[in-house]
Amino acid sequence: MFVSFFPKPKLFFTSAAVWAAFAMVIWYLGGAEAGAIFGLPPAAADAPPIIGIAAFWSPPFLWFYVYYAIAVAIFYAFWTFYEPNPWQNWSILGSALIFFVTYFQVQVNVAVNNWYGPFWDMVQGAMAKTAPITLEQYYTGFATFAGLAFVGVFVSVLTAFFVSHYIFRWRMAMNAYYVSHWPKLRHIEGASQRVQEDTMRFSTIMEGLGVNFIDSIMTLIAFLPVLLRLSINITELPLVGHVPNALVWAALFWSIFGTASIALAGFMLPGLQFRNQRVEAAYRKELVFGEDHDDRAQPATLRELFENVRKNYFRMYFHYVYFNVVRYTYGQANGIFSFFIMGPSIVAGKITLGLMNQVAFAFSQVTSSFQYLVNSWSTIVELLSVYKRLRAFEAAIQGESLSGIDQRYVEGQVASTDRY
């Protein structure tokens, strides 16, 4: 799955994580200020955020683009020299581009959050008649948002197009790898299905799951500082009282609680999904044999195999009941939790309408990132089941012992071949 697309996957991903951490440390220890040497200085510490799309071509943003490109170029040059790979343009440069555009999309959300404060404070002043505004000012605020929304939509469409091609290249690499080892794989249960369908499912799931994971990480990096800044205005939590950096701690607690609840409720599901693919494959395979051999796919055998399918589906339906109860209950509560924790500050009149909307939006972004496992659990379950099938498939290539079901199937195939 990975060795076909990435050069030396374990070392590659480890080096990518280390290099990314190193680049971030350099950035925060002085790299951000180094842009001043090239006429791209950072924003002043007390400078208000730039509202609107002009933020994306401000000097700090332009210097970040240059810094990121330099870091990627160094990493790419190293791997090109150390371990050339036919897919390296897609696996290295393509991955770097996906990281960048995902970060850029998150910055669009940050810019929208910066727009929330002044706009809704303006609306509050107009409604309370304490700070009258004109109709032109009101619609100008919407025009600013429309500009940000257009940038977000444009980048999202291009990103989806590129990611689709990136993932299909990954599938092409997997397909070529498995086909080159077909003589070792053809006797494995459902070999044709694994090469065609499982690689397709793996790539399709990775398209959504992988991008969402990257988005969650980038959102945390971008919005945690925003929550820290907004926590200056929210110092009291319900039932707890005064807490430094209250919003960050509330987001962390709520996300850990939700993740642990969902993980506990869905503990049984990956194994059931994996087993479901097994019993479906066994039933389908017997039907295929029945097309060519009169003594296969007899009614009694088919009834037994389909009974296994039924039992597994009914078990899975049962376990999904309490999993969905936990997931949907938490999802409903999550929608109002930020307003619950702002209760003492709202009642005391310490925050404005604009600040309340900024807190609610930033809090939802951070908690959604922390809740990656919560939001993606069903998809992760499916990915794990596909991964298990492909990993067992690859065991034959590497000369490893097969799993119990695969081994029994190969032995059964040999016996069946001897019979005919």
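Residues numbered from 1 in each chain as written. Predicted model: local features only at pLDDT ≥ 70, side-chain atom pairs only at ≥ 80, totals over all residues. Heavy atoms only, no water.

Scanning the protein chain from N- to C-terminus turns up 13 helices and 2 strands. In the protein chain, once contacts between residues fewer than 6 apart in sequence are set aside, the share between residues at least 24 apart is 79%. Looking at the protein chain as shown, the accessible area adds up to about 22500 Å², and 69% of this sits on carbon and sulfur atoms. (Helix = DSSP H or I, 4+ residues; strand = E, 2+ residues; numbered from the N terminus. Contact = heavy atoms within 4.5 Å. Areas by Shrake-Rupley, 256 points an atom, 1.4 Å probe, with all protein chains shown as cover.)

One side chain can pair with another of opposite charge once the charged atoms of both are near each other. Taken as a whole, this structure holds 2 salt bridges when the rule is applied. Here Glu 307 makes a salt bridge to Arg 310, at a shortest N to O gap of 2.5 Å. With a gap of 3 residues between them, Glu 307 and Arg 310 both fall in helix H9 (residues 299–341), about one helical turn apart. In this structure Arg 310 comes out as partly exposed when scored by relative accessible area, which is 31%. (Salt bridge = Lys/Arg side-chain N within 4 Å of Asp/Glu carboxyl O. Buried < 20%, exposed > 50% of the residue type's maximum accessible area, 1.4 Å probe, protein only.)

What follows covers helix H1 (residues 9–31). For H1, the complete set of buried residues consists of Pro 9, Phe 12, Ser 15, Ala 23, Trp 27 and Gly 31. For H1, the secondary structure elements touched by its buried residues are helix H2 (59–82) and helix H3 (88–128).

A word on the side chain of Ser 15. By the secondary structure assignment, Ser 15 is in helix H1. Residue classification places Ser 15 among the buried residues on the basis of a relative accessible area of 18%. Polar contacts involving the side chain of Ser 15 include one to the side chain of Trp 79, which spans 3.2 Å. With residues near it in sequence (within four places) discarded, Ser 15 still touches Phe 75 and Trp 79. (Polar contact = N/O pair within 3.5 Å; in protein donor to acceptor, adjacent residues only side chain to side chain.)

To continue, consider unusual backbone geometry. Here Lys 8, not a glycine, exhibits a phi torsion of approximately 40°, which is positive. When you line up the elements, Lys 8 lands in the segment before H1. On the accessibility criterion, Lys 8 (40% relative accessible area) is partly exposed. Even without a glycine there, the phi angle at Asn 245 is positive, about 50°. With respect to the helices and strands, Asn 245 occurs in the loop between strand S2 (241–242) and helix H7 (246–265). Classification of Asn 245 by relative accessible area gives partly exposed; the value is 38%.

So, about the UniProt feature "transmembrane region" (unreviewed entry) in the protein chain. According to UniProt, the feature "transmembrane region" (unreviewed entry) maps to residues 12–30, 50–78, 90–112, 142–168, 209–228 and 248–269 in the numbering used here. Within the segment residues 12–30, helix and strand shares are 100% and 0% respectively, and the terminal C-alpha atoms sit 27 Å apart. (UniProt positions renumbered as here; feature names shortened; annotations may be inferred.)

Here the focus is the packing of aromatic side chains. One pass over the structure, following the stated rule, counts 52 aromatic pairs. Both rings, one in Tyr 116 and one in Phe 361, keep their centres 5.3 Å apart while their planes meet at 65°; by these two values the pair is edge-to-face. Of the two residues, Tyr 116 sits in helix H3 while Phe 361 sits in helix H11 (residues 353–370), which places them 245 residues apart along the sequence. Since its relative accessible area comes to 16%, Phe 361 is described here as buried. An aromatic cluster of at least three residues, connected via ring pairs, comprises Phe 2, Phe 5, Phe 6, Phe 12, Phe 13, Phe 75, Phe 78, Trp 79, Tyr 82, Trp 87, Tyr 166 and Trp 170. (Phe/Tyr/Trp six-rings, centres within 6.5 Å; stacked < 30°, edge-to-face > 60°.)

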